[in-house]
Structures are given as C-alpha cells and as structure tokens.
Amino acid sequence: MEKNIPYALPWIEEEEIDEVVAALRSNWLSKGPRTVEFEKQFANYVGSDYALALNSATAGLHLSQLAVGIGPGDEVITTPYTFVATANTILHTGAKPVFVDIDPVTFNMDPALIESKITNKTKAIIPVHFAGYPVDMDPVMEIARKYNLYVIEDAAHAVYTMYKGRMVGSIGDLTNFSFYATKNLVTGEGGMVTTNNEELADKIRVMSLHGMSKNAWNRYSDKGSWFYEVEYPGFKYNMTDIQAALGLVQLRKLEKLQQIREEYAMMYNEALKEFEGLTLPYYDHINRHAWHLYVIRLKDNYFTIDRAQFIEELKERGIGTSVHFIPVHLHPYYQKLGFKYGDYPLAEKAYEAAISIPLYPKMTKEEVERVIEAVFDVANTYKR
Ligand SMILES: *Cc1c(COP(=O)(O)O)cnc(C)c1O
C-alpha cells in the first residue's frame, strides 16, 4: 500500500528545531529580540517601513481596522470568497461587512463592482489575494483615493506575491500576512502587519500589548522601567520569540521553498490541461503567483459525479484535498445577518466546483505524479 498524501504539510528541518531550542535556552519566551529581528527582516523582505509581528493574521486584520478608526456604524467592503476570519474581524469592530462578487477568472474581488457598494459609511476595502494570485490593485487603490478609504490587504496567501513587480506588503495602507501551519511560511500560529505609516504602526504595536505605552520587552530589559501607562484597553495579540525563531529560519529558505511550489504548480498545469473537464488556476507573467493553493474546478455537466463525490474518490485513492472557500455569506451566522444564497452567484459557483489538491514543498515529485494520476483516474472513470 502506498502512503496517503495529506492535503498539506509544513516544511520543518533541523535548523528550525535548533533555532526554537535556542530561543527556549535564551529564556526569552514571549516577544523579545527574535521577534524584533523577524519584524525587521520581514519589513525588509516586502519593502515596507514597518512590520509588526502578531499571533495571527486574524489579530492583524482586527487591529488594522481598529487602528484606522473603524467601528460601529461603519461599512467595510470585502469579498465573500475568503476564509471567514476576514469578515469576522469586520464584525469584531462593530462595523458591517459589505461583499462584492468575484472575477470568475482569478476568483479575486472584482474591482469593477466596488464603486456601486460605496456609501457615506464606507471606511475601508479589504482585498484578499486568493491562492497567492494578486487582486488587481491599481483600480482598488484608485477607488480608495477617490473616496478617501483605507486599503487593508488580507495577504494570508500572498507571502511571495508580486503585483506588477511590486511586493504585496508594500502596496495598501496595511497588509496582513498569516504564518498559520498550512501557509507558505509557518510559525505554527502567527501573523505580520506591514505598513509605511508610522502612526498606524505605533497604534498597532500599542494595541497588540494591552494598550501599554511601552513594549513589555523593553519593560523587562536593562533599558526598561517598571512604569507603563495604558492609553487604550488593548489586546494580547503579540508574537512570541518561540514563533519568531521558526519565522526567521523559514524566511531564509522562502525563496527555495517557493521555487519548489512553482515547479510543482507547473507540473500540475502541464499534465492537467490535457483534460477538458477541468478549469485550472489562472496565472500570468505580469504578476508573481505565490502558489499557496492549487485549486482545480470541475466544469458543469462534464462528470457523472458531483464535487463532493469527486473528493471522496480522490480520498479512496489516497489523496487529501480541501475546499477553498465556503463563501462567507453561506455560513449560518451570516445568514442570520440577512445574507442569503444567490447574493454572490459567481462566488457560489466557484465554490461548488472547487477542489484544492495538495501543493507544498514537502511533497516529492513522485507524489505530485501520483496526485495527477489519481485526478486523471477519477476524471476518466466518471466522465459523462
Ligand atoms: C488563513 C487565513 C486567514 C487567517 O489567518 P490566521 O493567521 O490563521 O489568523 C485569513 N484570511 C485568509 C484568506 C486565510 O486563508
């Protein structure tokens, strides 16, 4: 029996383990010198002036919105085709999420639909770079400038993404990355907010540590003092040095890991394009795709089985898969808010046909071949 191929696995080597052990031996377990160094290197990597390490992208999305003053009565425009955290954080601020449907080719928010959703309550736009392919940011930025809105990016999939030669993380007002266990760069749990705005960076730093005027890490170092003042009832959202130890090592090897992702994505593209019943992910040579996900879509009326059965068949052949995403407005809580099936038909259609197949550097080429064979086998067996 061949081993099952899981849907996702992290890339952890002895180096990561050694660096975590070194962090533990240093006695700095919370935010300390490694976190500060990770922030510095990450800002440098994306080309932003500031980077703040947090315990998740969700925390970053929440603080980004609070930092620009979003609260009850406000509206924030985003996509329904995302992980629910994007929209949940809008609710956490007391504001109302306003969704725009997607571009059916890239599955990113369609910038042409944004303007019609702007009201005098709109405060920000949250684009999500789905799967690691960038949202068309030029029109988004233009609309934001015209209506005086903030652009807060959800770059959970986009740690390597470039939009027209510019790194994601250096484009919008605030950009949020995720280092969750399945993402391209992992710290177990973790996130980073990048910005060029000093005032917003300061606010987020303070809000991430109880609202205290000085970092706890200054507080306990030789330079620090016991005194602090609370200017705001902040949160406990900081990263720890144990996480940053992982992040520092992962950042050094990101380029290498991304090369493997790209190579595997191209293997899938080459092989799977032979089968007309599948729509493959869009990419081009203008933007740099981070290949966080490889999402295939089943064409209508092409198979005798539905998407759920297709997933079961792959599972029987030892292939783990996932689905990105259940559109936010279809979740029971959002239905209670008044959203309903049919509101965003393109996102719904994309969801109903989507299967994310395994794509991560830890896979071997033989495993990529096995996934291809399994997809072909299921597709051919259940062709109409
Ligand atoms: C993973 C993910 C998040 C949340 O990231 P965390 O670091 O787990 O909070 C937000 N948005 C999208 C699109 C994601 O995929």
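Residues numbered from 1 in each chain as written. Predicted model: local features only at pLDDT ≥ 70, side-chain atom pairs only at ≥ 80, totals over all residues. Heavy atoms only, no water.

A. Structural context of the packing of aromatic side chains. Counted by the stated rule, this structure contains 25 aromatic pairs. An angle of 10° between the planes, with centres 5.9 Å apart, marks the rings of Phe 275 and Phe 303 as stacked. Here Phe 275 is found in the loop between helix H8 (241-272) and strand E10 (278-279), whereas its partner Phe 303 is found in the loop between strand E11 (294-298) and helix H9 (307-316), with 28 residues between them in sequence. Accessibility expressed as a relative area gives 7% for Phe 275, which makes it buried. Relative accessible area serves as the criterion here: at 5%, Phe 303 is assigned to the buried category. On the basis of an interplanar angle of 55° and a centroid distance of 5.8 Å, the ring pair of Tyr 302 and Phe 303 is categorised as tilted. One aromatic cluster is present, formed by Phe 38, Phe 42, Tyr 45, Phe 177 and Phe 179 through successive ring pairs. In this structure, Arg 297 is placed above the aromatic ring of Phe 107, and the distance from its NZ or CZ to the ring centre is 3.3 Å. Here the guanidinium or amino end of Arg 307 rests over the ring plane of Tyr 351, the centre of that ring lying 4.8 Å away. (Phe/Tyr/Trp six-rings, centres within 6.5 Å; stacked < 30°, edge-to-face > 60°. Helix = DSSP H or I, 4+ residues; strand = E, 2+ residues; numbered from the N terminus. Buried < 20%, exposed > 50% of the residue type's maximum accessible area, 1.4 Å probe, protein only. Lys NZ or Arg CZ within 6 Å of the ring centre and 35° of its normal.)

B. Main features of the pairing of strand E1 (residues 50-54). Within E1, four of the five residues are buried, which leaves it mostly tucked inside the rest of the structure. Pairing of E1 with strand E9 (residues 191-195), which is carried by five bridges, proceeds in the antiparallel orientation. Of the residues in E9, the one forming a bridge with Leu 52 is Val 193. (Pairing = 2+ DSSP bridges.)

C. The arrangement of the site of the ligand in detail. Among the 15 residues in the neighbourhood of the ligand, the closest are listed as Thr 58, Asp 154, His 157, Ser 178 and Lys 183. Within the backbone of Ala 57, a nitrogen or oxygen atom sits 2.9 Å from an oxygen atom of the ligand. His 157 places a polar side-chain atom, nitrogen or oxygen, 2.7 Å from an oxygen atom of the ligand. Protein chains shield 92% of the accessible area of the ligand, which is 380 Å² for the free molecule. Counted by class, the shell around the ligand contains six nonpolar, seven polar and two charged residues. (Near = heavy atom within 4 Å. Polar contact = N/O pair within 3.5 Å; in protein donor to acceptor, adjacent residues only side chain to side chain. Areas by Shrake-Rupley, 256 points an atom, 1.4 Å probe, with all protein chains shown as cover. Nonpolar A, V, L, I, M, F, W, Y, C, P; charged D, E, K, R; others polar.)

D. Looking closely at the UniProt feature "active site" (unreviewed entry) in the protein. UniProt's feature table lists "active site" (unreviewed entry) at Lys 183, given in the numbering used throughout. Note that Lys 183 resides in the loop between strand E8 (174-178) and E9. (UniProt positions renumbered as here; feature names shortened; annotations may be inferred.)

E. Looking closely at the sheet that holds strand E4 (residues 122-126). Taken in spatial order, the seven strands make up an open sheet running E1-E9-E8-E5-E4-E2-E3, and their pairing is mixed. If you trace the sheet from one side to the other, it starts and ends with E1 and strand E3 (96-99), each paired once. In this sheet, neighbouring strand axes are inclined to one another by 25° on average, regardless of whether the strands run parallel or antiparallel. Sheet topology places E4 next to strand E5 (residues 150-154); two bridges connect them, and they run parallel. Following the sheet pairing, Ala 124 is matched in E5 by Tyr 150. Its contacts with the sheet put helix H2 (residues 33-46) on E1, E8 and E9, and the angle it makes with E1 is roughly 130°. Each of strand E2 (75-78), E3, E4 and E5 touches helix H4 (residues 85-92); the most contacted strand, E3, lies at about 140° to it. (Axes fitted to C-alpha atoms, helices over the stretch in contact; angles between N-to-C directions. Contact = heavy atoms within 4.5 Å.)

F. Here's a closer look at unusual backbone geometry. Backbone torsion omega between His 324 and Phe 325 reads -5°, so that peptide bond is classified as cis. Within the element layout of this structure, Phe 325 appears in the loop between H9 and helix H10 (332-336). One non-glycine residue, Phe 107, lies in the positive phi region at around 70°. By the secondary structure assignment, Phe 107 is in the loop between E3 and E4. Under the relative-accessibility criterion, Phe 107 is labelled buried at 9%.

G. Structural context of the sheet that holds strand E12 (residues 354-357). Read across the sheet, three strands follow the order E10-E11-E12 without closing on themselves; strand pairing throughout is antiparallel. Looking at which strands have only one partner, the edges of the open sheet turn out to be E10 and E12. Note that E11 and E12 share four bridges and pair antiparallel. Bridge assignment links Val 295 to a residue of E12, and that residue is Ser 356. Sheet strands touched by H8: E10, E11 and E12. Its angle to E11, the strand with the most contacts, is close to 20°. In this fold H9 packs onto E11 and E12, with an angle of close to 20° to the strand it touches most, E12.

H. Up close: helix H11 (residues 345-353). Buried within H11 are the following residues: Ala 347, Glu 348, Ala 350, Tyr 351 and Ala 353. Looking at the buried residues of H11, the elements they touch are E11, H9 and E12.

I. Geometry of the side chain of Glu 367. Looking at where Glu 367 falls in the secondary structure, it is placed in helix H12 (residues 365-381). Despite its burial, Glu 367 remains without a salt bridge, the nearest opposite charge being carried by Arg 370 at 5.0 Å. Here the side chain of Glu 367 touches Thr 364 through a polar contact of 2.9 Å, landing on its backbone nitrogen. Contact partners of Glu 367, with chain neighbours within four places excluded, come to Ile 5 and Lys 362. (Lys, Arg positive; Asp, Glu negative; His and termini not counted. Salt bridge = Lys/Arg side-chain N within 4 Å of Asp/Glu carboxyl O.)

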